[in-house]
Amino acid sequence: MVTVRSLGHACYTVADGRYTLILDPFLTGNADAVCGPDDVQVDYILVSHGHGDHLGDAIPMSVKQGAPIIGVAELCRYCAGKGAEVVAMHIGGARDFPFGSVKLTQAFHGSAVMDDEGIIYTGLACGFLIACGDRTIYFAGDTGLFGDMALIARGRKIDVAILPIGDNYTMGIEDATFAAQMLEPRVVIPTHYHLFEPIRKDPGAFADGVAGLGIECRILAPGEETEV
Ligand code: NI
Ligand code: MN
């Protein structure tokens with residue numbers, strides 16, 4: 001059993017009662033965030049790519065809490081250069097952790113730190129297939145639809161898939177529904193659909209679409225959590 005909690009936008013915690021993982025900890029400057037980075041104690045920080053609405057507070061959280069950042073090697077190199085603890089991995093690779101395991105999955109998206117001084121490339125964007133608390137969680141990250149999503153589970157049952165539905169930068173509702181059809185998770189949680197205007201979508205429309213496939217959709221408002 002794991003508890004998945006939405007902290008706003010694409011940030012979630014996954015907790016099994018012993019370990020707490022945070023995914024894409026963008027809290028400072030996030031109008032949908034329900035707390036700040038000092039309000040949540042974490043053991044591991046998973047970062048899907050370098051964009052500000054995902055990397056977010058990862059580096060200061062790692063520095064302050066000692067929790068390592070798990071991500072692709074280039075992003076980890078960038079974070080390590082700023083003093084963070086890191087576990088550098090890459091797409092297709094899996095690794096065991098005290099809570100279970102993490103495998104990096106492909107994502108069709110960019111990855112860079114972008115600020116006033118320009119763009120720093122941080123490798124490929126990724127998703128995560130996480131084993132924690134006897135559950136399998138697929139966090140797609142920011143991505144467009146791709147057919148090889150059908151291969152991600154590979155005989156394992158995905159208990160919960162967290163899929164972006166906001167369109168413009170990622171899959172929209174129609175493509176995310178196709179993704180759910182390929183992944184066949186027990187539960188799907190829509191994400192990345194509210195924070196700013198071009199991605200503002202109705203998660204209820206997505207829930208209706210996946211209900212037709214026999215997949216349970218749980219819509220988590222920021223601050224809400226669900227047990228899977
Ligand atoms: Ni992005
Ligand atoms: Mn994003």
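In this text the structure is predicted, and so the values were computed from the model without any measurement.

Reading guide: rules and limits
Residues numbered from 1 in each chain as written. Chains lettered and ligands numbered in written order. Predicted model: local features only at pLDDT ≥ 70, side-chain atom pairs only at ≥ 80, totals over all residues. Heavy atoms only, no water. Pairing = 2+ DSSP bridges. Helix = DSSP H or I, 4+ residues; strand = E, 2+ residues; numbered from the N terminus. Donors = N, O, S within 2.8 Å, 3.2 Å for Na, K, Ca; no water. Tetrahedral: all angles 85-135°; square planar, octahedral: opposite > 155°, others 65-115°. Axes fitted to C-alpha atoms, helices over the stretch in contact; angles between N-to-C directions. Left-handed = near helix turned anticlockwise from the far one by under 90°. Contact = heavy atoms within 4.5 Å. Nonpolar A, V, L, I, M, F, W, Y, C, P; charged D, E, K, R; others polar. Buried < 20%, exposed > 50% of the residue type's maximum accessible area, 1.4 Å probe, protein only. Arc of directions from axis to C-beta. Polar contact = N/O pair within 3.5 Å; in protein donor to acceptor, adjacent residues only side chain to side chain.

Quick look at the pairing of strand S10 (residues 118-121)
Across a regular strand the side chains alternate sides, sitting on one face of the sheet and then on the other. Of the pairings in the sheet, the one linking strand S9 (residues 112-115) to S10 comprises four bridges and is antiparallel in character. Bridge pairing in S10 links Val113 to Ile120. Count of turn residues in the S9/S10 antiparallel hairpin: two residues.

Regarding the coordination of the nickel ion (ligand 1)
Taken together, the protein donors to the nickel ion (ligand 1) comprise His49 (NE2), His51 (ND1), His109 (NE2) and Asp142 (OD), at separations of 2.2 to 2.4 Å. In this structure, the nickel ion (ligand 1) is surrounded by four donor atoms whose angles at the metal cover 88 to 178°, and the resulting shape is irregular. Linear spacing of the donor residues for the nickel ion (ligand 1) on their chain is H-x1-H-x57-H-x32-D. Separation of the nickel ion (ligand 1) from the manganese ion (ligand 2) amounts to 3.2 Å, with Asp142 serving as a shared donor to the pair.

What about the packing of helix H4 (residues 173-183) against helix H5 (residues 203-211)?
Viewed as axis vectors pointing N to C, H4 and H5 meet at an angle of 35°, and their least axial separation amounts to 10 Å. Of the two possible hands of crossing, H4 and H5 adopt the one that is right-handed. Residues Ile173, Ala176, Thr177 and Ala180 of H4 form the contact with H5, whose own contacting residues are Ala205, Phe206, Gly209 and Val210. Its residues assigned to classes, the contact of H4 with H5 comprises six nonpolar, two polar and no charged.

Side note on the environment of Leu151
With respect to the element layout, Leu151 can be found in the loop between strand S12 (135-139) and strand S13 (160-164). The class for Leu151 is partly exposed, based on a relative accessible area of 49%. Sequence-wise, Leu151 and Phe108 are 43 residues apart; in three dimensions their C-alpha atoms are separated by 15 Å.

Details of the coordination of the manganese ion (ligand 2)
The coordination sphere of the manganese ion (ligand 2), as far as protein atoms go, consists of Asp53 (OD), His54 (NE2), Asp142 (OD) and His192 (NE2), spread over 2.2 to 2.3 Å. The exposure class of Asp53 is buried, given its relative accessible area of 15%. Overall, the relative accessible area of 0% leaves His54 in the buried class.

Examining H5
Among all positions in H5, only Pro203, Phe206, Ala207 and Val210 are buried. Around the axis of H5, the buried residues are gathered within 100° of arc, so they sit on the same side. Along its buried surface, H5 packs onto H4, strand S14 (187-191) and strand S15 (216-217). Two or three places before Gly204, at the opening of H5, Asp202 has a side-chain oxygen 2.8 Å from that residue's backbone nitrogen.

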